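Results of the structural survey
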Amino acid sequence: MTVLPIIQPDNPILRKKAHRVTSFDAKFQKLVDDMVETLIEAPGVGLAAPQVAVSQRLIVVRLPDDEESRKEYGDQAGVLYVVANPEFVKLSRGVVEGVEACLSIPGYYGKVDRHENAIIKGLDRQGNPIRIKANGWLARVFQHEIDHLEGRLYIDIAKDVWKARPEDEETPVE
Ligand code: ZN
């Protein structure tokens, strides 16, 4: 497995609408493995293929597996979600404000409204249909990553963006 370089917003790939995944061949499997490795190494809670300069609709998501996370997210803490061609089946009407950061925009944070709950469908790494029920922070991470597939960054929709302060260090990046 290889840790891939994460591109910055001056790279136009980050602003393009990504292509649907159509092949689940060995090359795709390597991309999945490399993205997982890159996510863990960063470390981050989510990564979309355009962030590693691959214009494909593929995301990997993993909430931390610590005690606090387990208390709040139960079985979903520490689970690795690999989703190709992800789509929202349902988004809750209510939105909640939260702080986000992005691996592609290091050193900045922003306040973003996201839907509180989401149901996501897509394909797993073998191409089998999957469906994920995400609440709270997990729902937020999926919305952030799926935005990447549309070429959208959190700074486009944030109410407030600021340069990292010492107290921001706790915020995981996506
Ligand atoms: Zn991001």
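Up top you'll find the structure we're talking about.
The structure contained in this document is the topic of the report that follows.

Each value, and the rule that gives it
- Residues numbered from 1 in each chain as written.
- Predicted model: local features only at pLDDT ≥ 70, side-chain atom pairs only at ≥ 80, totals over all residues.
- Heavy atoms only, no water.
- Patch = residues over 30% accessible without salt bridge, like charges linked within 9 Å, V, L, I, M, F, W, Y side chains within 5 Å.
- Areas by Shrake-Rupley, 256 points an atom, 1.4 Å probe, with all protein chains shown as cover.
- Salt bridge = Lys/Arg side-chain N within 4 Å of Asp/Glu carboxyl O.
- Lys, Arg positive; Asp, Glu negative; His and termini not counted.
- Charge placed at Lys NZ, Arg CZ, Asp CG, Glu CD.
- Helix = DSSP H or I, 4+ residues; strand = E, 2+ residues; numbered from the N terminus.
- Buried < 20%, exposed > 50% of the residue type's maximum accessible area, 1.4 Å probe, protein only.

1. Points about a negative patch on the surface
Residues D66, E67, E68, E72, E169 and E170 make up a contiguous surface patch of negative charge. If you trace the backbone, E170 turns up in the segment after β8 (160-163). A residue is classified by how much of its surface remains accessible, and E170, at 73% relative accessible area, is exposed.

2. Comments concerning unusual backbone geometry
Outside of glycine, negative phi angles account for most residues, and trans bonds account for most peptide bonds. Of the consecutive residues A42 and P43, the connecting peptide bond is found in the cis state with omega at -15°. Relative to the assigned elements, P43 resides in the loop between α1 (26-41) and β1 (46-48). In the Ramachandran plot, A53 falls in the positive-phi region, its phi being about 70° despite a non-glycine side chain. Mapped onto the elements of the fold, A53 is located in the loop between β1 and β2 (58-62).

Function-wise, these values are silent; they only describe arrangement.
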